[in-house]
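For reference, the chains in residue letters:
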Amino acid sequence: MDISVIVPLYNEAESLPELTDWIERVMNDNNFTYEILFINDGSTDESWEVIKELQAKNACVKGVCFRRNYGKSPALNTGFQRAQGDVVITMDADLQDSPDEIPELYRMITKDGYDLVSGWKKKRYDPLSKTIPTKLFNATARAVSGIYLHDFNCGLKAYRKKVVKHIEVYGDMHRYIPFLAKVAGFKKIGEKVVQHQARKYGVTKFGLNRFVNGYLDLATLWFQSKFGIKPMHFFGLLGSLMFLLGFISVIVVGATKLYNMHSGNHYILVTDSPYFYLSLTAMILGTQLFLTGFIGELIARNSPERNNYEIEEEIG
């Protein structure tokens, strides 16, 4: 099979027939063998009934229905597990992503050798309240991940099949699939300017809270990619430095008192100095950080996936 199109959706019953017809037309015009995987994320409208009607008309249509709303990442991950096409395309169900982009995305994967191609909606039909935070979010993601993409969160993406079979999308990590792919060893990541269409039906399902959650998820992913299997390198180093700083400060506080006593200068008790308590606090926090790293190291070393390395190929 040439292409699997994965469409996560939540309350998009109105747009599904038009989207299916559009995808079907593009696939037939280019003689692609394909499947359309609709992942119904606990919709409360008639979306699932519409999907069943579409499947009855077109055997290429397949569907999965969640019992409740889990989010876009679980929906994508479920689709990735079931995809059979050599190239996997993801797109949103609201008709803002154009299926006409599919042939070129397919070519970039199969001919140009990209592992992943992300869409870039260079011209957007969104209000400033959405576009400005999006630009700040993407700038931060570029700096942290080292992947130069203009639009990490674009729903329209193309993947080589082995990419989706080697990454796990969980929580709200769908925003960082290119970063997840890079961590998994797939580094040939490209970008394509795609058409952004104004929403035709329904309303957006995302609020401003996604930007706050997005930064927290980015910090989590960065930490896991750097120190996921070696937490002592982070917590141990930070804890050691903090303990050492506190220990030196205690010595300075004590030495200062002894010097003033010997010189006949006015002095105060060590326990009357605020610096003494700050030093003790630094030592205690340093010890706790070190122990956190030690416990993390024990957990990492006992993980069943500690030696689960991705092997590209093997001979002999």
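Here, every reference points to the structure presented above.
The structure presented is a predicted model; accordingly, all values stated were derived computationally and were not measured.

Caption draft 1: Main features of the nonpolar core. Ranked by internal contacts, the top residues of the largest apolar core, which has 34 residues, are I3, V5, F38, I89 and M91. Only strand 1 (3–9), helix 1 (16–29), strand 2 (34–40), helix 2 (47–57), strand 4 (87–90) and helix 4 (102–110) provide two or more residues apiece to this core. A total of 6 residues in this core trace back to one element, the largest contributor, which is helix 1. Beyond its immediate stretch of four places on either side in the chain, V5 contacts I23, M27, E35, I36, L37, I89, M91 and I102.

Caption draft 2: Geometry of the pattern of salt bridges. Inspection of every chain in the model, using the stated rule, returns 7 salt bridges. Put simply, K72 and D92 hold a salt bridge, and the shortest N to O gap is 2.9 Å. Taken together, the positions of K72 in helix 3 (residues 72–82) and D92 in the loop between strand 4 and helix 4 put the pair 20 residues apart, joining distant regions of the chain. Like K72, the residue D92 is buried in the burial classification. The shortest N-O distance in the salt bridge between R160 and D115 comes to 3.5 Å. Of the two residues, R160 is situated in strand 6 (residues 157–160) and D115 in the loop between helix 4 and strand 5 (116–120); the sequence distance between them amounts to 45 residues. One connected set of salt bridges, linked through shared partners, spans E104, R107 and D112.

Caption draft 3: Broad picture of the packing of helix 1 against helix 2. Where helix 1 meets helix 2, the closest approach of the two axes is 10 Å, and the angle between their N-to-C directions is 35°. Considering the relative orientation of helix 1 and helix 2, their crossing is right-handed. Each of L16, P17 and T20 in helix 1 lies in contact with helix 2, whose residues at this interface are S47, V50, I51 and L54. Counted by class, the contact of helix 1 with helix 2 contains 5 nonpolar, 2 polar and no charged residues.

Caption draft 4: Fine view of the packing of helix 9 (residues 232–263) against helix 10 (residues 274–301). Two numbers describe how helix 9 lies on helix 10: the axes approach to 7 Å, and their chain directions differ by 160°. By the angle between their directions, the pair helix 9 and helix 10 is classed as roughly antiparallel. Here helix 9 runs over helix 10; the crossing is left-handed. Considered class by class, the residues forming the contact of helix 9 with helix 10 number 16 nonpolar, 10 polar and 1 charged.

Caption draft 5: Seen up close, unusual backbone geometry. The backbone phi angle of N11 is positive, close to 55°, even though this residue is not glycine. Here N11 is to be found in the loop between strand 1 and helix 1. Here N11 falls in the partly exposed class, since its relative accessible area comes to 22%. Backbone geometry places N31, a non-glycine residue, at a positive phi of 55°. With respect to the helices and strands, N31 occurs in the loop between helix 1 and strand 2. For N31, a relative accessible area of 67% corresponds to the exposed category.

Definitions and cut-offs
Residues numbered from 1 in each chain as written. Predicted model: local features only at pLDDT ≥ 70, side-chain atom pairs only at ≥ 80, totals over all residues. Heavy atoms only, no water. Core = buried A, V, L, I, M, F, W, Y, C linked by side-chain atoms within 4.5 Å. Buried < 20%, exposed > 50% of the residue type's maximum accessible area, 1.4 Å probe, protein only. Helix = DSSP H or I, 4+ residues; strand = E, 2+ residues; numbered from the N terminus. Contact = heavy atoms within 4.5 Å. Salt bridge = Lys/Arg side-chain N within 4 Å of Asp/Glu carboxyl O. Axes fitted to C-alpha atoms, helices over the stretch in contact; angles between N-to-C directions. Left-handed = near helix turned anticlockwise from the far one by under 90°. Nonpolar A, V, L, I, M, F, W, Y, C, P; charged D, E, K, R; others polar. Parallel < 35°, antiparallel > 145°, perpendicular 65-115°, else oblique.

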